[in-house]
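The lines below spell out each chain.
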Amino acid sequence: MKKQFNVIFYLSFLIIYLEILTKIFVTKSFSGILLTLLFSIPIILILYLITNIFKRKGNMVLTYIISVVFVIYYCFQFFFHRLFSNIFSFNTLGLASNALDFTNIIFDVVIKNIWVVILYLIPIILLIIFHHHINFERASLKKILICFIATILIWIISLLCLNINKNDTYSAYNLYYNINSESKTVETFGLFTYTRLDVKRVLFGFEEKLTMNEEPDIPNIPEEEEPEEVVPTYNEIEIDFDTLIANETNSTIKSMLEYFKNSDATNKNEYTGMFKGKNLIFILAEGFNMIAVDPELTPTLYKLSHEGFVFNNFYSPVFLSTTGGEFQATTGLIPTQSILSDWKKSEPTISYALGNAFSNLGYTANGYHNWTYTYYSRQKTMKTLGFTSYMGCGNGMEDLINCSWLPSDVDMINQTLPLYQDNTPFVTYYVTVSGHAPYAYNSTGNSIALKNIQYVKDLPYSNNVKAYLATQIELDRALEALIDGLEEQGILEDTVIALVGDHYPYTLTIDEVNELSDYERDEIVEVNRSNFILWNSEIETVEVDKVGSQIDVLPTLLNLFGVEYDSRLIVGKDILSDAPGLAIFSNRSWVSDYGTYKNGKFTLKEGVTLENTTEYVTSMNNLVSNRFTLSANIIKYNMYEYLLK
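Scope of this entry: the structure provided in the associated data block. (Residues numbered from 1 in each chain as written. Predicted model: local features only at pLDDT ≥ 70, side-chain atom pairs only at ≥ 80, totals over all residues. Heavy atoms only, no water.)

## Overview of the overall build of the protein
Secondary structure summary: the protein contains 24 helices and 15 strands in total. Taking 26 Å as the expected radius of gyration for a compact globule of 645 residues, we find that the protein reaches 26 Å, a close match to that expectation. Going through the 645 residues of the protein one by one, you find that 59% of them count as buried. Look at the contacts in the protein between residues 6 or more apart in sequence, and 76% of them connect residues 24 or more apart. Within the protein, one finds 45 positive and 71 negative side-chain charges whose respective centroids are separated by 18 Å. (Helix = DSSP H or I, 4+ residues; strand = E, 2+ residues; numbered from the N terminus. Rg over C-alpha atoms; globule rule 2.2 N^0.38 Å. Buried < 20%, exposed > 50% of the residue type's maximum accessible area, 1.4 Å probe, protein only. Contact = heavy atoms within 4.5 Å. Lys, Arg positive; Asp, Glu negative; His and termini not counted. Charge placed at Lys NZ, Arg CZ, Asp CG, Glu CD.)

Written out as C-alpha cells, the structure is:
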C-alpha cells in the first residue's frame, strides 16, 4: 500500500501557499507574515474538521471543492487588485459589476498575467497528481476533539497577539477592531482573515473611530520670501457646534461634530473669487495621465497643462476605477467601496458637490456622458452632485452621436456645446469615454485607437502604449473643438476649463507606463502622478509646487469661484491655500510636501528637513485615517443635510 499523509498537510500547503502568493503579487509586502501564518492555523484546522464530515470519497470530493473555491477566490482578488489597485470588498457587489462588464479588458489582463494564473493553479494540479497519496479517511473522534480544542486555543492566542503595539495607527488591533482598510488588513492578516472581517462588517455593520486629538501640527515648507503680515480670513461659515454637540445622542455624529469644531479652516487667499461669475467646464477624462501630454501629439493638452494654473505635484489616485475618481473630484471626499456603495444606494445630500455649489449661485448645471447613462448608477449620483440635467447614451445622447463602442469625445463636445452655450453662467460636467481600455488596434476592442493609428504607428513604443496615446489624441481633439466653439461663441475668456483624469491607464503595466514617463515610476504612488488642468485664456501662468490630489480639486474651485463654503467639512483642501499639501492613496500610502509614506516606510524628500520624523509620520497616519473615517461617515449619516439644512 502506498504511503499516505494526512489531508491536513495538503490543506496547510493550500492556505499558506495562496497567502504567500497574495503577499507577492497583491500587497507586495511580507511585513505581516507572522500574523498571517498565526491566523491561518485556525482556518486550516476548521477546514480539516470540514473534510472529516463524510467517508473517504466524500471527503476527497469536499477537498477538491474547497481547493477550487479558494484558488478561484484568491485568483479573483489578484485580478481585481490588478485592475482597481484595491482589494475586493463585498460592499462592492452590484457596484464593481459595472466595471467588470468590459470582458475584453478582463481577457486582456488575464492573458498578460497567465503565468500568475498558472501559479495559483498549482495546489489543484498537485492535488490531482498526488491525491492517491493523501489520506481522506474520517479521523477518529479523539483526533477531531483534539483538533477542535487546538482551534479554540490558537484562536485565543491569535487575539491576544493583537495587543502588541496596539496604539499604533495601523496596528493589528486597530485594523481588527477599529479601522476598515482593505489593503492594510490583507497586508497584516492575510486574505482569508480579511474576507471574514469584511463579510462580518457588511452583514452586521461597522463604524471606524476618529482619533480625537486635534489636527496634527504639520509644518509648512518655508517660502523663499516672507509674505506681508495680513489678518487672515477663512473659508468657513457660522455653525453652532457647541449646541449641536450638546443635543446629539449618537456617539459617532457627536465625535464628528467635535472633530469639525476643532479643525482648522483653510484661509482665503489672493486667488479667492478670481473666477467669480465665469462659466466652468469640468472634464473627468477617461484614462488621462500626464504621460499622454506631448507638444506634437496632443498639442491642446500640452498647451492647457503648461498655462493657467500649473500643478507640478498632483496625483489622481485610483479608487475603484472611474466611479472613485469621479467621487473624489466632485465631492472633495475620499471614496472607499463602502462609501461608493452608500452613495449609490442612499443618494445623500452633498451640498458642496460640483453641481450643487454652483446651482446655488444661479448657474445652469449640465452633465454629459458619452456612454450608458445608467453606468455606475449615474442616473442617481448625478442628482446628488447637482446635475439634474444629465444626458448619456440611453436618455438622449444616442440621438446626437454614435453610441456604439467606443463613442467619440469630439462628437460629444460638438453636439452638446450648442445645448448650453447660451445659458450663462453655466457649470458643465463631462465624463469622457474615448480614452478607455483595452488599448489595442481593433474595432471591437478600441475603435478610437484604430481611428487615430496613423498618428502613432511609427512611434518607438510598444503597441499597447501607442494604442493608449491614440485614444488620448481623441481627447485632445475634443478639447480643441471645445476651445474653438467657445471662442466662436465669444465666451472663451469668460469660461474656465478644468480637467483631471479619473485614474491612470491601469491596464498598462508599470513598464509600459514608464515607456512614456520622464522618470522611473513605482506602481503604488508615483504611477498616479498626473495633471490637474485649470485654464482660462485671460490669466497668466501660475506655478504651484505644493502636493495635491483629486480630493483637493473641488475646494480649490470653490475658492477660485468665490463660493461660500466651510472648508472644515471637506476632507480635501484648497491647493492654493496655506494648508499643507497631501495626497492620499487607497492603500493609505501618502505623499506630503515633506516626503512619501508607502509600504510602512517614510522617505524624506530631498532638500527638506524634519525635527522629529517619527512623530510627523504618526501624526500624518492619524490624519489620513481620520480623513477616511470622516468621508465615510459624512455620506453614511448625510452630514451636509444635518449641518447645512
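## Comments concerning the nonpolar core
Membership of the largest hydrophobic core comes to 161 residues, with the highest contact counts inside it found for F309, L354 and F561. Top element by residues in this core is helix α3 (residues 56–84). It accounts for 13 residues. In contact with L354, other than residues within four places in its own chain, are L280, F282, T330, L385, F387, V427, Y429, L554 and L557. Ranked by size, the runner-up nonpolar core spans 33 residues in total, among them A285, M391, C393 and I413. (Core = buried A, V, L, I, M, F, W, Y, C linked by side-chain atoms within 4.5 Å.)

## Quick word on the pattern of salt bridges
Under the criterion given, the structure shown has 14 salt bridges. Linking E512 and K112 is a salt bridge whose minimum nitrogen-to-oxygen distance equals 3.5 Å. Of this pair, E512 sits in helix α21 (residues 510–516) while K112 is found in helix α5 (residues 103–112), placing the two residues 400 residues apart along the sequence. With a relative accessible area of 11%, E512 lands in the buried category. When the shortest N-O distance is used, the salt bridge between K598 and D522 registers 3.3 Å. Remark: D522 occurs in the loop between α21 and β9 (529–530) and K598 occurs in strand β14 (residues 595–598); sequence separation between them is 76 residues. For D522, a relative accessible area of 19% corresponds to the buried category. Among the charged side chains, a salt-bridge network with shared partners connects E236, D566 and R568. (Salt bridge = Lys/Arg side-chain N within 4 Å of Asp/Glu carboxyl O.)

## Thoughts on the side chain of R521
Mapped onto the elements, R521 comes out in the loop between α21 and β9. Nearest to the buried, unbridged R521 among oppositely charged side chains is D518, at 5.6 Å. Looking at R521, its side chain comes within polar contact range of the main-chain oxygen of E526, at 3.3 Å. Among the polar contacts made by the side chain of R521, one reaches the main-chain carbonyl oxygen of V527 at a distance of 3.5 Å. (Polar contact = N/O pair within 3.5 Å; in protein donor to acceptor, adjacent residues only side chain to side chain.)

## Section: unusual backbone geometry
The linkage connecting T424 with the following residue, P425, adopts the cis geometry, with an omega of -10°. Tracing the chain through its elements places P425 in the loop between α18 (409–420) and β7 (426–431). In the segment running from A437 into P438, the intervening peptide bond is cis, with an omega of 5°. As for its position among the elements, P438 is in the loop between β7 and α19 (443–451). You will see that K28, though not glycine, has its phi angle at about 55°, which is positive. Position of K28 relative to the elements: it lies in the loop between α1 (7–27) and α2 (33–50). The partly exposed category is assigned to K28, whose relative accessible area is 36%. Positive phi values are uncommon outside glycine, yet N165 reaches one of about 50°. Looking at where N165 falls in the secondary structure, it is placed in the loop between α7 (141–161) and α8 (172–177). Accessibility expressed as a relative area gives 54% for N165, which makes it exposed.

## Re a negative patch on the surface
Judged by side-chain charge, E480, D484, E487, E488, E493 and E538 come together as a negatively charged surface patch. Topologically, E493 is positioned in the loop between α20 (463–489) and β8 (495–501). (Patch = residues over 30% accessible without salt bridge, like charges linked within 9 Å, V, L, I, M, F, W, Y side chains within 5 Å. Areas by Shrake-Rupley, 256 points an atom, 1.4 Å probe, with all protein chains shown as cover.)

## A word on the sheet that holds strand β13 (residues 590–592)
In spatial order, the strands read β12-β13-β14-β15; together these four strands make up an open sheet with antiparallel pairing. The sheet is open, and its two edges are formed by β12 (582–584) and β15 (601–604), each paired on a single side. Each adjacent strand pair in this sheet contributes to an overall mean axis angle of 10°, direction not counted. In this structure, β14 lies alongside β15, joined through four bridges in antiparallel fashion. (Pairing = 2+ DSSP bridges. Axes fitted to C-alpha atoms, helices over the stretch in contact; angles between N-to-C directions.)

Read these as layout, nothing more, since geometry by itself doesn't imply function.
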